[in-house]
Amino acid sequence: MIAPGSVYGERIVNGYRIWDRSRSKLSALITKDFSLPLNRSSKVLYLGAATGTTVSHVSDVVTEGLVYAVEFSPRSMVDLLRLCDARKNIIPILADASRPEGYCSMVEPVDMVYQDVAQPNQAEIATANCARYLKPGGYLVWMMKTRSIDVTSAPKDVLSSEILGLKGLQVLKVMDLLPSHRDHWAVIASRANEP
Ligand SMILES: C[S@@+](CC[C@H](N)C(=O)[O-])C[C@H]1O[C@@H](n2cnc3c(N)ncnc32)[C@H](O)[C@@H]1O
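Numbering of residues starts from 1 in each chain and follows the order in which that chain's sequence is written. With the structure being a predicted model, the display of local features is reserved for residues of pLDDT at least 70 and the display and counting of side-chain atom pairs for 80 or more, all residues being used for whole-chain, interface and lining totals. Where side-chain values are given, they derive from all heavy atoms of the structure, hydrogens and water being excluded.

1. What to know about the site of the ligand
Rules: In this text, near means that some heavy atom of the residue lies within 4 Å of the molecule or strand in question. Identification of polar contacts relies on pairs of N or O atoms within 3.5 Å, with a donor-acceptor requirement for protein atoms, meaning one able to donate a hydrogen and the other able to accept it, and with residues adjacent in sequence counted only if both atoms are side-chain atoms. For the area figures, the Shrake-Rupley method with a 1.4 Å probe applies, and any residue is considered shielded solely by the protein chains shown.
As a matter of local geometry, the ligand sits amid 15 residues, with Tyr-46, Thr-54, Glu-71, Asp-96 and Ala-97 nearest to it. One nitrogen or oxygen atom from the side chain of Glu-71 is found 2.6 Å from an oxygen atom belonging to the ligand. In this structure, a nitrogen atom belonging to the ligand sits 2.9 Å away from a side-chain N or O atom of Gln-119. Here the ligand loses 83% of its free accessible area of 600 Å² to cover by the protein chains.

Put into structure tokens, the structure is as follows:
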């Protein structure tokens with residue numbers, strides 16, 4: 001994964017950007033032996049792009065593909081736009097991920113939906129976006145922060161009931177992101193191939 005330089009102050013070693021698991025949940029997942037279901041021409045719909053920390057690493061992987069980066073905070077979008085100037089495979093979209101119809105003119109069917117939105121209705125957002133944009137056979141990687149959904153219940157109970165809210169997808173794997181991200185889980189699901 002050769003990259004054009006440091007994006008958010010991360011170190012570069014022998015030309016490679018350090019992808020610190022404490023800075024990125026996707027890095028934490030990969031360090032747990034998760035093999036990212038992407039190749040260089042994959043297309044990714046990324047929900048909750050923030051200023052582009054993890055988006056920039058996904059952009060390094062899909063060098064000939066595209067990352068559709070959805071973020072609803074105008075403030076974060078300013079930094080994200082700077083990143084998009086330097087990287088032509090990221091399409092910035094200022095929009096609310098809970099209204100996926102709002103970006104239908106900009107997004108094509110994708111190989112992976114990555115979601116990291118820290119909202120109470122995370123399952124609903126994932127379901128709606130996958131139904132609209134995820135290709136049959138494609139994958140959802142959902143970073144779930146249980147405290148954003150319910151602070152009063154036990155995190156594992158929140159995790160189980162939230163997963164039940166995911167529709168139209170088969171859950172393949174659920175992994176915690178300890179030690180770097182407490183009360184966070186990665187839910188990996190796939191959309192069945194059409195008969
Ligand atoms: C935990 S941060 C994401 C960090 C980022 N994924 C990374 O690893 O670099 C969550 C982001 O989701 C955004 N967000 C929350 N709800 C959203 C929604 N409904 N639509 C779009 N963005 C949303 C927030 O503004 C915030 O920037």
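Resuming the write-up.
2. As for the nonpolar core
Heads up, the rule is: Residues grouped as a nonpolar core are buried Ala, Val, Leu, Ile, Met, Phe, Trp, Tyr and Cys residues, joined through side-chain atoms within 4.5 Å. Burial classification: accessible surface area is computed with a 1.4 Å probe over protein chains only, and a residue below 20% of its type maximum counts as buried, one above 50% as exposed, and the rest as partly exposed. Put simply, DSSP H or I for four residues or longer makes a helix, DSSP E for two residues or longer makes a strand, and each gets a number counted from the N terminus. Should any heavy atoms of two residues lie within 4.5 Å, those residues are considered in contact.
Leu-45, Leu-47, Tyr-103 and Leu-140 are the most contacted members of the largest nonpolar core, which totals 31 residues. Among the elements of the structure, strand 3 (43-47), strand 4 (66-71), strand 6 (110-115), helix 4 (122-133), strand 7 (134-145), helix 6 (155-164) and strand 9 (184-190) are those that each provide at least two residues to this core. Per-element accounting of this core gives the leading share, five residues, to helix 4. Ignoring sequence-local partners within four residues, the contact set of Tyr-103 consists of Leu-45, Leu-47, Val-70, Ile-93, Ala-95, Asp-96, Ala-97, Asn-129 and Tyr-133. Of all hydrophobic cores here, the second largest spans 30 residues; its members include Trp-19, Leu-38, Val-61 and Met-112.

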